[in-house]
Amino acid sequence: MHGITVKKRIIRSMGLDIHVMPITRVLTGEFQSPLEKSFPGMITRLGAPKSRLSAKQAREVILGIRRKVAALAGNPAEWLESGETAFSEQYDGQAHDALQKFAARQGDPEAAGRPFERDDPRDQECLVRTWRGGATRFPHLTRFCQWYVPVDFDRPLDFDERSDVGSSVALLRELDVLNASLGLKKDWKDLSSGETVGGFEEPLYYVRFGWSILHAAARTSVAARMPIVFDG
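Within each chain, residues carry numbers counting from 1 in the order of the written sequence. Per-residue local features of the predicted model are confined to residues with pLDDT of at least 70, and side-chain atom pairs are confined, for both listing and counting, to 80 or more; whole-chain, interface and lining totals are unaffected and use all residues. Side-chain metrics in this entry use all non-hydrogen atoms of the structure; hydrogen atoms and water are not considered.

**Student:** I'd love a proper account of helix α3 (residues 55-73), names of residues and values included.
**Tutor:** Every helix listed is a DSSP run of H or I at least four residues long, and every strand listed is a run of E at least two residues long, numbered separately from the N terminus. The span one expects for a helix is its residue count, reduced by one, times 1.5 Å. Spanning 19 residues, α3 covers 26 Å between terminal C-alpha atoms, matching the ideal 27 Å at 1.5 Å per step. Residue contacts are defined here by distance: any two heavy atoms, one from each residue, within 4.5 Å place the two residues in contact. On its buried face, α3 is in contact with α1 (23-28), β6 (147-149), β7 (157-158) and β8 (164-167). Just downstream of α3 lies G74, where phi reads positive at about 75°.

Here it is as structure tokens:
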């Protein structure tokens, strides 16, 4: 959870910012959140501070990620670590949580025939089973990764005690498979002004909202050859 201050008004939310940009910029703190861009000079960051590694330290971290990803993927771990941000949006922790639970319950016999409800603790149990090594078709969706790089590999990897690394290529594939159960025609980037993914009161609203943002980020990551990074 994080918050921001706008003109002395404190706003708190279960929010996440999601970007497609070089991981280096996150590690060195050289980026702006969507709200910082919208309200220049008026935002006070609450919660976790931005990273402040030196450029040399950031390069060493990136090299470590590349080595681990290359070993897992079995091919060179190449992506851009320079250039402008390709995608930046405010996300929603509740939406991501709902999306993970919805993905986890697919194929889980404990969820068979039971309608999805966002706060049903049984769906959290489905998700926990995937974390404990249970079978799932959606390993990159059900496990929260701080970073997703545009290299194809089967399962997320543990990078350090704070960060997991996933594949945005595999994530996009999983989101497309999951959409067979959602039936969405557009993701966030394709929605027209004022167009929504459904009514707020609908049981799957948060799942659809989470899918639309994450799918837009994943396809941008693959097209731009740049990682997805979460901040929040």
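**Student:** Residue-level account of the pattern of salt bridges, with values.
**Tutor:** The term salt bridge refers to a side-chain nitrogen of Lys or Arg lying within 4 Å of a carboxyl oxygen of Asp or Glu. Counted according to the given criterion, the structure contains 13 salt bridges. For R114, the salt bridge is made with D120, and the minimal N-O distance between the two is 3.3 Å. Note on R114: relative accessible area 12%, which makes it buried. Three exposure classes are used, based on accessible area relative to the maximum for each residue type with a 1.4 Å probe and protein chains only: buried under 20%, partly exposed in between, and exposed over 50%. We classify D120 as buried; its relative accessible area is 8%. Put simply, R173 and D152 hold a salt bridge, and the shortest N to O gap is 2.9 Å. Of this pair, R173 sits in helix α7 (residues 168-178) while D152 sits in the loop between β6 and β7, and the two are 21 residues apart along the sequence. Residue R173 is classed as partly exposed on the basis of its relative accessible area, which comes to 41%. Within this structure, R105, R114, D120, R122 and D123 form a network of salt bridges that share partners.

**Student:** So, helix α4 (residues 93-105): which residues are in play, and what are the values?
**Tutor:** End to end, α4 covers 19 Å across 13 residues, agreeing with the expected 18 Å (1.5 Å per residue, within 8%). For α4, the buried fraction is high: 11 of the 13 residues fall into the buried class. Within the span of α4, buried status applies to G93, A95, H96, A98, L99, Q100, K101, F102, A103, A104 and R105. Buried residues in α4 make contact with α5 (121-131), α6 (139-142), α7, α8 (205-224) and β9 (228-231). Here α4 starts with a cap whose side-chain oxygen sits 2.7 Å from the backbone nitrogen of Q94, and that cap is D92. G107 sits one or two positions beyond α4 and adopts a positive phi of about 85°. We call two N or O atoms a polar contact when they sit within 3.5 Å, provided that within protein one can donate a hydrogen and the other can accept it, with sequence-adjacent residues counted only if both atoms are side-chain atoms.

**Student:** Requested: an account of the nonpolar core, with residues and values cited.
**Tutor:** Throughout, nonpolar core names a set of buried Ala, Val, Leu, Ile, Met, Phe, Trp, Tyr and Cys residues whose side chains join them through atoms within 4.5 Å. If you look at the biggest cluster of nonpolar residues, it comprises 56 residues, and the most contacted ones within it are I18, I65, V69, L99, L141, L214 and I228. Broken down by element, the residue count for this core peaks at 10 residues, all from α8. Those residues in contact with I18 that sit more than four places away from it in its chain are F87, S88, E89, Y91, I213, L214, A217, I228, V229 and F230.

**Student:** Go over the side chain of Q100, please, and point to the residues and values.
**Tutor:** Take Q100: it is sitting in helix α4. Assessed through its relative accessible area of 7%, Q100 is described here as buried.

**Student:** Which residues make up the sheet that holds β9, and what values do they have?
**Tutor:** Read across the sheet, 6 strands follow the order β5-β3-β9-β6-β8-β7 without closing on themselves; strand pairing throughout is mixed. The sheet is open, and its two borders are formed by β5 (87-90) and β7, each paired with just one other strand. When DSSP locates at least two bridges between a pair of strands, those strands are taken to pair. Note: β6 against β8, 3 bridges, orientation parallel. Looking across to β8, one finds that Y148 is bridged to G166.

**Student:** So what about the pairing of β9? Which residues, and what values?
**Tutor:** In β9, alternate side chains face the same way, and those of I228 and F230 on one face and V229 and D231 on the other are all buried. Two strands pair when backbone bridges link them, and strand β3 (residues 17-20) and β9 are joined in this way by 4 bridges, in the antiparallel orientation. Bridge assignment links H19 to a residue of β9, and that residue is V229. Looking at chain direction, β6 and β9 are connected through 2 bridges and run antiparallel. Paired with Y148 across the strands is I228, a residue of β9.

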